[in-house]
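# Structure assessment
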Amino acid sequence: MNAQPLFPRVALIGFGLIGGSIARAARAQGVAGEIVTTARSARTRARVTELGVVDRVAETNIDAVKDADLVVLCIPVGACGPVAREIAPHLKPGAIVTDVGSVKGAVVRDMAPHLPAAVHFVPAHPVAGTEHSGPDSGFAELFINRWCILTPPEGSDAGAVARLRAFWTALGARVEIMTPDHHDLVLAITSHLPHLIAYTIVGTAEELGQVTSSEVMKFSAGGFRDFTRIAASDPIMWRDVFLANKEAVLEMLGTFNEDLSKLTRAIRRGDGEALFEHFTRTRAIRRGIVEIGQDSAAPDFGRPHANLARKTD
Ligand code: NAP
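I will try to describe carefully the structure that is included in this document. The written sequence of each chain sets the order in which its residues are numbered from 1. Residues qualify for local features only when their pLDDT is at least 70, as the model is predicted, and side-chain atom pairs are given and counted only at 80 or more; totals for whole chains, interfaces and linings, by contrast, use all residues. In computing side-chain properties, one takes all heavy atoms of the structure into account and sets aside hydrogens as well as water.

With that settled, consider the overall build of the protein chain. The number of helices and strands found in the protein chain is 12 helices and 9 strands. Note that the radius of gyration is over C-alpha atoms, with the globule rule given as 2.2 Å times the number of residues to the power 0.38. By the compact-globule yardstick of 20 Å for 313 residues, the protein chain fits well, its C-alpha radius of gyration being 21 Å. Along the first, second and third principal axes, the C-alpha atoms of the protein chain reach 65 × 40 × 35 Å. The buried label goes to any residue with under 20% of its type's maximum accessible area, the exposed label to any with over 50%, and the partly exposed label to all in between, with areas taken from a 1.4 Å probe on protein chains only. A total of 313 residues make up the protein chain; the buried ones form 43% of that total. Considering only contacts in the protein chain between residues 6 or more positions apart, those separated by 24 or more positions represent 75%. Throughout, the Shrake-Rupley method with a 1.4 Å probe supplies accessible areas, and for residues the shown protein chains are the sole cover considered. For the protein chain, the exposed surface amounts to about 16400 Å²; the carbon and sulfur share of it is 57%. Within the protein chain, one finds 33 positive and 35 negative side-chain charges whose respective centroids are separated by 3 Å. The helix count covers DSSP runs of H or I at least four residues long, the strand count covers runs of E at least two residues long, and both are numbered beginning at the N terminus. Contact between two residues is taken to exist if any of their heavy atoms lie within 4.5 Å; hydrogens are not considered. A positive count includes Lys and Arg, and a negative count includes Asp and Glu. His and the chain ends are not counted in either. Charge coordinates come from a single atom per side chain, which is NZ of Lys, CZ of Arg, CG of Asp or CD of Glu.

As structure tokens, this is what we get:
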């Protein structure tokens, strides 16, 4: 436990997978003197009260941010603008306002105009998650050995950026700084496009006439199962991601379609050499990811029970 918390009061707007994980990790690491949270529905707020992992559950966003030194929006990307507008007049001067949205350009565009000059706006994206959502889904180890990308606007207060970096580092993450546009391009290929492919292929399998649903379920270990896990991700969150990162996703989708056409052609022509060369290259990428500690050979890496085995650095 830290002797002196990094932030006397932290407000988490939204308590789902990410908000709930931040609360649990911040409490475990002693980085917040007091943690206040809220959620949109009375049902979630009641559940968070029951869970007892925060100091106070506020009824409204406005009440939650009062006197908070760090305000973290842990809500779908599309809700960030309206919530920023709502809380803006109630923020403590000098407070750091941040978010966890999976898209950064749109969040900066939607939030920044509402925030007063007296607060420091430092957008962030912890690149860590599971397909689960809701107040029970979070766990303290989610961010360990994962990256958290900060996208501070030009001219941001260096002290505020350093404090937010220290917060995420204390939660176990490794921190990198990027521009919002670069973040959106990188995440379009590493996260958004894979989700789109998973949503597509699971839908396609479901609509197939020749293969029954029970066969799809029964033989899912042949690759399909991994797609179904990704395709189980929260529909609201992912709707917002694709709406908010439209340009970068369309750009990556264009390149993807060209590459898919090349592989299609290789299959049609029986070009085994082209297929072998491609699959060898992609296998090396997978091995590289395992080598840098961003996944393990275990199929359930990233699940709560597997986290104890994770190394921190
Ligand atoms: P989640 O589990 O669905 O939780 C979302 C929370 O936001 C819920 O508590 C919800 O309240 C609350 N909420 C929604 N609109 C709100 C509003 N207008 N005011 C106050 N609270 C509101 O979602 P999540 O997975 O934690 O995702 C949250 C954010 O993290 C998203 O922006 C997402 O892009 C980002 N992110 C997600 C992942 C991931 O893998 N899931 C990874 C990195 C970043 P109710 O429960 O009452 O509806």
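Another point: the site of the ligand. In the vicinity of the ligand there are 27 residues, among which R40, S41, T44, I75 and S102 approach most closely. By the criterion applied in these results, polar contacts are pairs of N or O atoms within 3.5 Å in which, for protein atoms, one can donate a hydrogen and the other can accept it, and in which residues neighboring in sequence qualify only through two side-chain atoms. Backbone polar atom of I75 to an oxygen atom of the ligand: 2.6 Å apart, as the coordinates give it. Between G134 and the ligand, the recorded distance is 2.9 Å, taken from a backbone N or O atom to an oxygen atom. Protein burial of the ligand: of its 900 Å² of free accessible surface, 88% is covered by the chains. Put simply, the parts of the chain that give the shell around the ligand at least two residues each are helix 1 (17–29) and strand 7 (124–127). Gly is placed with the polar residues, together with every amino acid not listed as nonpolar (Ala, Val, Leu, Ile, Met, Phe, Trp, Tyr, Cys and Pro) or charged (Asp, Glu, Lys and Arg). Class assignment of the residues belonging to the shell around the ligand gives a composition of 14 nonpolar, 12 polar and 1 charged. Neighbouring residues are identified by heavy atoms, a residue being near a molecule or strand if any of them is within 4 Å of it.

Let's shift gears to the packing of aromatic side chains. Describing an aromatic ring pair means giving the distance of the ring centres and the angle of the ring planes. Within 6.5 Å between ring centres, the rings of Phe, Tyr and Trp (the latter by its six-membered ring) count as paired, and their orientation is classed by plane angle as stacked under 30 degrees, edge-to-face over 60, tilted in between. Taken as a whole and judged by the stated rule, the model has 4 aromatic pairs. An angle of 85° between the planes, with centres 6.0 Å apart, marks the rings of F167 and W168 as edge-to-face. Judged on exposure class, the residue F167 and its partner W168 are both buried. Between W238 and F242, the ring centres sit 5.8 Å apart and the planes meet at 45°, which makes this aromatic pair tilted. You can see W238 and its partner F242 sitting in helix 10 (residues 235–244), 4 residues apart, about one turn around the helix. Judged by relative accessible area, W238 falls into the buried class, the value being 5%. Connected via pairs of aromatic rings, a cluster forms that spans F7, F143, F167 and W168.

It is worth spelling out the sheet that holds strand 1 (residues 7–13) at this point. We call two strands paired when DSSP finds no fewer than two bridges between them. Strand order in the open sheet made by the 6 strands is 3-2-1-4-5-6, with parallel pairing throughout. Where the open sheet ends on each side, the last strands, each with one partner, are strand 3 (56–57) and strand 6 (120–121). Its contacts with the sheet place helix 1 against strand 1, strand 2 (32–38) and strand 4 (70–73), and it is angled at close to 160° to strand 2. All axes here are fitted lines through C-alpha atoms, helices being fitted over the stretch that makes contact, and every angle between N-to-C directions spans 0 to 180 degrees.

What follows deals with the nonpolar core. To define a nonpolar core, start from buried Ala, Val, Leu, Ile, Met, Phe, Trp, Tyr and Cys residues and group those joined through side-chain atoms within 4.5 Å. Counting residues in each nonpolar core, the largest one holds 37 residues, and the members touching the most others are I22, F143, F167, W168 and L171. At 6 residues, helix 1 tops the list of elements feeding residues into this core. Every residue in contact with F167, bar those within four places of it in the chain, is listed here: L6, F7, V10, I22, A26, V31 and L70. Ranked by size, the runner-up nonpolar core spans 33 residues in total, among them A68, V77, V83 and V119.

Right, let's get into the side chain of H192. Looking at the secondary structure, you find H192 in helix 7 (residues 180–207). Filtering out sequence-adjacent residues up to four positions away, H192 remains in contact with S102, V103, L187, W238, V241, F242, N245 and V249.

The N-to-C vectors of helix 7 and helix 11 (residues 246–269) enclose an angle of 65°; their axes lie 9 Å apart at closest approach. With respect to helix 11, the axis of helix 7 lies roughly perpendicular. The hand of the helix 7/helix 11 crossing is right-handed. Between helix 7, through D184, L185, A188, I189, H192, L193, L196 and I197, and helix 11, the contact on the second element is made entirely by A248, V249, E251, M252, L253 and F256. When grouped by side-chain class, the residues that make up the contact of helix 7 with helix 11 number 11 nonpolar, 1 polar and 2 charged. Here is the rule for angles: anything less than 35 degrees is roughly parallel, anything more than 145 is roughly antiparallel, 65 through 115 is roughly perpendicular, and the remaining ranges are oblique. In this scheme, a crossing is called left-handed if the near helix is turned counterclockwise away from the far one by less than a right angle; it is called right-handed if the turn is clockwise.

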